[in-house]
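# Secondary and tertiary structure notes
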Amino acid sequence: MREPVIGVILLNWNGYDDTAETLVSLLEATPRPAYVVVVDNGSHDDSASRLSLWGTVNDVISETHDVADLHSFDPDTWLRIILANENRGFAGGNNVGLTHLAIDTDATHFLLLNNDALVAQDYFARLAEALRAAPESGILGCTIYHYPDVDRVWFASGYEDRLRGVALHRYEVAEATEPFATEWVTGCAMLISRALYNAIGGLAECYYPIYCEDSDYSLHARTAGFSVLIAPRAHVYHKVGGTVGVGETVPRVAYWQTRHRVFLVRRNYSTAERTIAISYLCIAKPARAAILAVQGRTAMAGAILRGLAHGLRDDPT
């Protein structure tokens, strides 16, 4: 297998400071990725123009184009800023970057990377090492630690609980050094092979703006016969909740998580699994909302109930 050519996709939405810090980690990586695509998801601050200036200050070849001119970048451009002009969400924004990399570059692999995540200096060397060991992998994940609490694991691999309709994290770092199978990989740092992208396309945009599109994509990859693996020696450091907050405290996040959990079940489970998981959610979520209401957290309670109702009602395609 020839050495992988990796293009990275970052989403920016009013998040210059985080995005710039992630870009620094990519610039300082050894080796660097071949391309970095920043999709600006309709920021209403000056972060897109500041990112262009960042390229000049850091002496990297950069260009900025509107999404309508998606295919206008010079082939030698390292930092490619695409102005999406609206918030397309996680899946939609990443699909813009995937389309560009697939058509306009020689990238063999596409890395979805959160703009609030930093890569270890040897991250791409470790990915290349893992791909040499498992060249057939469709999706490759990594070990992700909290940041700045870098000794605390956020994601070491993932598994599904189909009775409850949820994709969960494992936190025990594997002793193995070789890539190993996982049921899903988080979109915080998800490496997608060109072969997989050509076979199944991009992420499902019904999960707008965020949550569960990564577990959905992993399921579709496995259904299409591709392996979903973890490269345990490749490390990323994640500012958890840095972009949208966390579901325990932010009502809109609790809404998205509930709605999209139902979507995940409806889109991917067998009839029997779907019946069990939906029944569970229809009992567990109202019970959780009732507890929150008694605690005086009525906004959170309402968000969960609306998420459940909309997950059952809306079209998950």
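Above this note sits the structure.
The structure contained in this document is the topic of the report that follows. Quick caveat, the model's predicted, so the values are computed rather than measured. Residue numbering note: each chain is counted from 1, following its sequence as written. Only residues with pLDDT of 70 or above have their local features reported here, since the model is predicted, and side-chain atom pairs are shown and tallied only from 80 upward, although totals for entire chains, interfaces and linings are computed over all residues. No hydrogens and no water enter the side-chain calculation; it runs on all heavy atoms of the structure.

## A word on unusual backbone geometry
- With an omega of 10°, the peptide bond between Y147 and P148 qualifies as cis.
- Tracing the backbone through its elements, the reader meets P148 in the loop between β7 (137–146) and β8 (153–155).
- Here Y208 and P209 are connected by a cis peptide whose omega angle stands at 0°.
- Of note, N85 is a non-glycine position whose phi angle comes to about 70°, a positive value.
- As for its placement among the helices and strands, N85 is situated in the loop between β4 (79–83) and α3 (89–104).
- Relative accessibility decides the category of a residue: with a 1.4 Å probe and only protein chains considered, values under 20% of the type maximum give buried, values over 50% give exposed, and everything between is partly exposed. N85 sits in the exposed class, given a relative accessible area of 51%.
- For C212, which is not glycine, the phi dihedral falls at a positive 80°. A run of DSSP states H or I qualifies as a helix once it reaches four residues; a run of E qualifies as a strand once it reaches two. Both are numbered from the N-terminal end.

## Some words on helix α4 (residues 123–133)
- For α4, the set of buried residues is Y123, F124, L127, A128, A130 and L131. Summarising the axial view, the buried residues of α4 lie within an arc of 160°, below the 170-degree limit, and thus occupy one face. Working note: the arc is built from the helix axis to C-beta atom directions.

## Thoughts on the side chain of T22
- Considering the arrangement of structural elements, one finds T22 in helix α1 (residues 16–28).
- Residues contacting T22, with those up to four places away along its chain left out, are L10, L113, N114, N115, D116, A117 and L118. In what follows, residue pairs with any heavy atoms lying within 4.5 Å of each other are defined as contacts.

## Things to note about the packing of aromatic side chains
- Aromatic pairs are defined between Phe, Tyr and Trp rings, using the six-membered ring for Trp, whenever the two ring centres lie within 6.5 Å; interplanar angles under 30 degrees are classed as stacked, those over 60 as edge-to-face, and all others as tilted. Going through the model one piece at a time under the given rule, you end up with 5 aromatic pairs.
- Ring geometry for F110 versus Y197: centroids 5.8 Å apart, planes at 90°, classification edge-to-face. Placement of F110 in strand β5 (residues 109–113) and of Y197 in helix α5 (residues 194–200) is noted, with a sequence separation of 87 residues between them.
- Looking at F110, the relative accessible area reads 0%, which means it is buried.
- Residue Y197 is classed as buried on the basis of its relative accessible area, which comes to 15%.
- Charge-over-ring placement is defined geometrically: NZ (Lys) or CZ (Arg) within 6 Å of the ring centre, and within 35 degrees of the ring normal. Above the ring of Y269, the side-chain terminus of R162 is found at 4.5 Å from the ring centroid.

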